[in-house]
Amino acid sequence: MEFPIAGVTVNPLFLAGIGFLVGVLGGFFGVGGGFIAGPMMLLLGIPANFVVGTDLAHMTGKSIVAARRHRALGHIDIKLGAIMVAGTLVGIELGARWIEVLEAAGKVDEVLKTTYVVILIVISLFTAWESFRALRMKRTEQLEVKDVLGFKGFSKQLQRIRIPPYVELPDSGIESISIWPIIFVGLVTGLLAGALGVGGGFIRMPLLVYFLGVPTHVAIGTDLFEIVISAGYGTLTHALKGNVDVMMALVMHTGAALGAQIGAVSTRFFVGPRIRLVFSALPMLGALLVLWELVTGINLTMGH
Amino acid sequence: MPEHKAIKKESSMKIWLRNFVIELVIYGGLVFLYFYFVLQYLERFLTTLFREHLVVYAFAALILIVLQGAMLESLTSFLLDQIKLDRFD
């Protein structure tokens, strides 16, 4: 099928297939999946400038599907997501400006990508270590709860910080927390999203769990709610620059919608630590892709 | 894991897979119809909009993807409920 906006001919079944794959990942882990969809779209011959924008557009639709399903399952903390989104939007703008400053200083790609690889590897190893620990705790102490954390000292400390204003987050089981750590999580993920052109879901989900102490299932649903807003904003800005082929995004989304439902429903059959353990492979995969880019010089993740 | 639990889990998984294939076939058919009767006709209109009115195109793109997101969510939710894919037994 010809897509005249992007000026390419691509089999729509491949696009729907990519959508389905990242839809399952998104629904299950609460990530946008851009780091997988992007390289696949490039391999199909889609022009690089259309990859990021079109992927963001399909991500918006897919996250609506997954977020609504997670909401039906009681996995979204709307209040938490709404506060975090303020930090995310500011972070995206700051990230874009940070790039300009770094570009003026030179070697922007190497510095950013190396930082990103280190962050992803740390997240991956830490999440794997913690989930193993939590699963062992669950087994040895015969805990019948859905979620156990093998490392919760940090979030407990953070919840004790008394800088007003405070919010109560009953959907996340948090009695009282200052809004600043929540905004900080949004800001960090927004900054990375703006600087590296990634959705940031696979950084936000572990931050919500370990930093704020949000249960895994709620972290996934809330992350998706956040992606709807940030990807929607990204879609609009990229479309205004002429980087979105909406026909392509609509076709991808037909596969993604089904995948996102399957992924979201599947979370019901797994306990929190098991989801986090499988999740830990994703940041490592993202790190390997960026590392490969650094070595070969071929841009696959479409940072900027 | 006790043997009876393992057998129960295996049979639940088989039912889940069967339901998934049914959902995939029905959903695939409906999406095929949507593709040929709706998306094909949108193509020319959107291409013209992209070339002549980029700002309108940008907002139309966002609205379209949000609308399709809401529509397909309702469709897949309906199918999931009908086929009981989320029940697992």
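Sequence order as written defines residue numbering, which begins from 1 separately in each chain. Note on labels: chains are lettered from A, ligands numbered from 1, in written order. In keeping with the predicted nature of the model, local features appear solely for residues at pLDDT of at least 70, side-chain atom pairs appear and are counted solely at 80 or more, and the whole-chain, interface and lining totals rest on all residues.

**So, the overall build of chain B**
- Put simply, DSSP marks the helices as runs of H or I at least four residues long and the strands as runs of E at least two long, and each gets a number from the N terminus on. Across its full length, chain B carries 2 helices and 0 strands.
- Think of it as a crowd count around each C-beta: if 20 or more other C-beta atoms lie within 10 Å the residue is buried, if 12 or fewer it is exposed, and in between it is partly exposed, with C-beta placed from the backbone throughout. Buried residues in chain B amount to 20% of all 89 residues.

**Examining the overall build of chain A**
- Looking only at helices and strands, one finds 12 helices and 4 strands in chain A.
- In this treatment the radius of gyration is a C-alpha quantity, and the globule benchmark scales as 2.2 Å times the residue count to the 0.38 power. Against the compact-globule benchmark of 19 Å for 304 residues, chain A has a radius of gyration of 19 Å, which places it among compact chains.
- Counting only C-alpha atoms and orienting by the principal axes, one finds that chain A spans roughly 55 × 45 × 35 Å.
- Burial analysis of chain A (304 residues in total) assigns 54% to the buried set.
- In this description, a residue-residue contact is defined by the distance between C-beta atoms placed from the backbone, which must lie within 7 Å. Counting only contacts in chain A whose residues sit at least 6 apart along the sequence, the fraction spanning at least 24 positions is 78%.

**Overview of the nonpolar core**
- For this analysis, nonpolar core means a set of buried Ala, Val, Leu, Ile, Met, Phe, Trp, Tyr and Cys residues linked through C-beta atoms within 7 Å. Core analysis: the largest hydrophobic core is formed by 96 residues, its most contacted members being M205(A), V246(A) and A61(B).
- Ranked by residues supplied to this core, first place goes to helix α10 (residues 246–266) of chain A with 14 residues.
- Sequence-distant contacts of A61(B), that is, excluding residues within four places in its chain, are made with A57(A), T235(A), A239(A), V244(A) and V246(A).

**Some words on helix α11 (residues 272–279) of chain A**
- For α11(A), every residue scored as buried is listed here: G272(A), P273(A), I275(A), R276(A) and F279(A). Buried residues of α11(A) fall within an arc of 160° about the axis and therefore sit on the same side. Our arc is simply the arc of the directions from the helix axis toward the C-beta atoms.

**Thoughts on the pairing of strand β3 (residues 166–169) of chain A**
Residue and element names in this part refer to chain A.
- Sheet topology note: the β3/strand β4 (residues 174–178) ladder contains 3 bridges and is antiparallel. Its bridge partner being in β4, V167 is matched across the sheet by I177.
- Between any two strands, at least two bridges found by DSSP are needed for them to pair. Here β3 hands over to β4 after 4 residues, with G173 in that stretch at a positive phi of 70°.

**Points about the environment of L169(A)**
Residue and element names in this part refer to chain A.
- Here L169 shows up in strand β3.
- By the C-beta count within 10 Å, which is 21 here, L169 ends up buried.
- What L169 contacts, discounting residues up to four positions off in sequence, is D77, K79, L80, I174 and I177.

**What to know about the confidence of the model for chain A**
- As a per-residue quantity, pLDDT reports the predictor's confidence and falls between 0 and 100. For chain A, the average pLDDT comes to 81, and 91% of its residues sit at 70 or higher.
- Across chain A, strand β2 (residues 8–9) of chain A holds the top mean pLDDT of 90, while helix α6 (residues 153–159) of chain A sits lowest at 73.

**As for the environment of L79(B)**
All names here are of chain B.
- By the secondary structure assignment, L79 is in helix α2 (residues 54–83).
- Along the backbone, L79 and Y57 are 22 residues apart, and their C-alpha atoms lie at a distance of 32 Å.
- Filtering out sequence-adjacent residues up to four positions away, L79 remains in contact with E23, I26 and Y27.

**Quick look at the packing of helix α4 (residues 78–105) of chain A against helix α9 (residues 216–240) of chain A**
Residue and element names in this part refer to chain A.
- The contact between α4 and α9 brings their axes to 9 Å, and the two run at 35°. You can see that α4 and α9 cross each other, and the crossing is right-handed. Side by side, α4 and α9 meet where I78, L80, G81, M84, V85, T88, L89 and I92 of the first sit next to T222, F225, E226, I229, S230 and Y233 of the second.
- Note on residue classes: Ala, Val, Leu, Ile, Met, Phe, Trp, Tyr, Cys and Pro are nonpolar, Asp, Glu, Lys and Arg are charged, and everything else, Gly too, is polar. Looking at the contact of α4 with α9 residue by residue, the class counts come to 9 nonpolar, 4 polar and 1 charged. What counts as an axis is a line fitted to C-alpha atoms, over the stretch in contact for a helix, and the angles between N-to-C directions run from 0 to 180 degrees. Each helix crossing is assigned a hand: it is left-handed if the near helix lies turned anticlockwise from the far helix by less than a right angle, otherwise right-handed if that turn is clockwise.

**Re the interface of chain A and chain B**
- Each side of the interface is counted separately: chain A has 28 residues, and chain B has 28 residues.
- Contributions of two or more residues to the side of chain A that touches chain B are made by α3 (48–72), α9 and α10 of chain A.
- Grouping the amino acids of the side of chain A that touches chain B by side-chain chemistry returns 18 nonpolar, 8 polar and 2 charged.

**Considering the environment of L56(A)**
Residue and element names in this part refer to chain A.
- When you line up the elements, L56 lands in helix α3.
- For L56, a count of 29 C-beta atoms within 10 Å gives the class buried.
- Counting along the chain gives 155 residues from L56 to F211, while the straight-line C-alpha distance between them is 27 Å.
- Here L56 is in contact with A231, G234, T235 and H238, once residues within four sequence places are set aside.

**Re unusual backbone geometry**
- Look at the link from P164(A) to P165(A): it is a cis peptide, with omega at 0°.
- Structurally, P165(A) is set in the loop between α6 and β3.

**A few points about the packing of α3(A) against α9(A)**
Residue and element names in this part refer to chain A.
- Packing of α3 against α9 brings their axes to within 8 Å, and their N-to-C directions diverge by 150°. As summarised for this structure, α3 and α9 are arranged roughly antiparallel, according to the angle between their axes. Where α3 crosses over α9, the two elements pack in a sense that is left-handed. Here V52, G53, L56, A57, M59, T60, S63, I64, A66, A67, H70 and R71 of α3 lie close against α9, whose contacting residues are I220, G221, L224, F225, I227, V228, A231, G232, G234, T235, H238 and A239.
- Split into classes, the residues belonging to the contact of α3 with α9 amount to 14 nonpolar, 9 polar and 1 charged. When an angle is under 35 degrees it counts as roughly parallel; over 145 it counts as roughly antiparallel; between 65 and 115 it counts as roughly perpendicular; any other value is oblique.

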